[in-house]
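# Fold and geometry: a report
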Amino acid sequence: MKATVLIPAAGTGRRMGGSVNKQYLELAGKPILAHTLTLFENHPQVENIYVIVPIDDIAYCQKNIIDRFKFNKVQRIIAGGVERQDSVRNGLNAITEDGFNQQCRPILIHDGARPLFDCKRLSALIEAVEESGACTVGVPVKDTIKDVENKTITGSPDRSRLWQAQTPQGFQYHLIMEAFDRADADGFVATDDASLVERLGHPVQMLEGDYRNIKVTTPEDILVAVALLGGRT
Ligand code: CTP
Ligand code: MG
């Protein structure tokens, strides 16, 4: 079945600083969000895309990203919410309203701020979603991770078991809706979507991605992203 993609891009970029929303910063002459959208626009298994931005950015995004770069698969631009989870919720509601709510349809959720995902991995992700219901890409952590409280280490989890979750994360429609409904009912908020499915007790597969799929978060990430884009093209 063809997939629907949600691109949450409605954050304020607090850790990046600066006056321009980080998704509109240009890398190699093209805004970060446009790089991200190109990945999915060009993939044959993607049927449509919902872009989620701050409500005041909708007209700007339509003109300077969607129209300028001629993204034909963008179904709608949706207003985001206060937390990332609220933004994704608004996107899921739009999918439902528009009738792309077949129970097993793969819904892929990908941060607007990750312009370097290698879409060659998307088919494997969709296949895993079709087989098991839920899958995320990620990479094994390289550093040793510490639990810290009041500037004192309280634990050192075994690194061989630790992975960094990235996006895209994919879920069958019925499962991600159930996960969001449960999280809403319980007032549970998380920084990724897989966490909401995990707490249903439903297994989420981990698909090994690659270290280049960085999230542009702080100013030095721009330098890294430019270098990685140069290496790719
Ligand atoms: N996001 C969103 N809606 C929010 C918050 C975040 O759609 N209310 C999106 C961001 O735009 C980003 C992705 O979720 O593409 C991952 O979030 P993050 O990297 O944390 O971006 P920001 O929240 O913008 O940055 P910061 O946390 O530094 O403010
Ligand atoms: Mg954030």
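As a starting point, this report considers the structure included with it. (Residues numbered from 1 in each chain as written. Chains lettered and ligands numbered in written order. Predicted model: local features only at pLDDT ≥ 70, side-chain atom pairs only at ≥ 80, totals over all residues. Heavy atoms only, no water.)

### Some points on the packing of helix α1 (residues 32–41) against helix α2 (residues 58–67)
For the record, the criterion: In this description, a line fitted to the C-alpha atoms serves as the axis of each element, helices being fitted only across the stretch in contact, and the angle between N-to-C directions of two axes falls anywhere from 0 to 180 degrees. Strands here are runs of E lasting at least two residues and helices are runs of H or I lasting at least four, both read from the DSSP assignment and numbered beginning at the N terminus. Oblique is the label for any angle not under 35 degrees, not over 145, and not in the 65 to 115 range, which are roughly parallel, roughly antiparallel and roughly perpendicular in turn. Should the near helix be turned anticlockwise from the far one by less than a right angle, the crossing is left-handed, and should it be turned clockwise, the crossing is right-handed. Throughout, a residue-residue contact means that at least one pair of heavy atoms, one from each residue, lies within 4.5 Å.
One way to put it is that α1 packs onto α2 with a least axis distance of 10 Å and a crossing angle of 55 degrees. In this view, α1 runs oblique relative to α2, as classed from their interaxial angle. Taken as a pair, α1 and α2 cross one another with a handedness that is right-handed. Contact with α1, carried on its side by L33, A34 and L37, involves C61, I65 and I66 of α2 and no other residues of that element.

### Regarding α1
Residues spaced three or four apart along an α-helix face the same direction, because each turn holds 3.6 residues. Convention followed: For every residue, the accessible area (1.4 Å probe, protein chains only) is compared with the maximum for its type, and the residue is labelled buried under 20%, exposed over 50%, or partly exposed between those bounds.
Extensive coverage of α1 is indicated by the burial of nine of its ten residues. Among all positions in α1, only I32, L33, A34, H35, T36, L37, L39, F40 and E41 are buried.

### Focus on the pattern of salt bridges
We count it as follows: Throughout this description, the term salt bridge denotes a Lys or Arg side-chain nitrogen within 4 Å of a carboxyl oxygen of Asp or Glu.
All chains considered together, the criterion is met by 14 salt bridges. R89 is the salt-bridge partner of D184, the closest N and O atoms lying 2.8 Å from each other. Separated by 95 residues along the polypeptide, D184 in helix α5 (residues 173–186) and R89 in helix α3 (residues 84–97) bring together distant segments of the chain. For the salt bridge of R199 with D186, the shortest nitrogen-to-oxygen distance reads 2.9 Å. In this pair, R199 sits in the loop between α6 (194–198) and β11 (205–208) while D186 sits in helix α5, placing the two residues 13 residues apart along the sequence. Residue classification places D186 among the partly exposed residues on the basis of a relative accessible area of 45%. The network of salt bridges with common partners includes R84, D111, R114 and D193.

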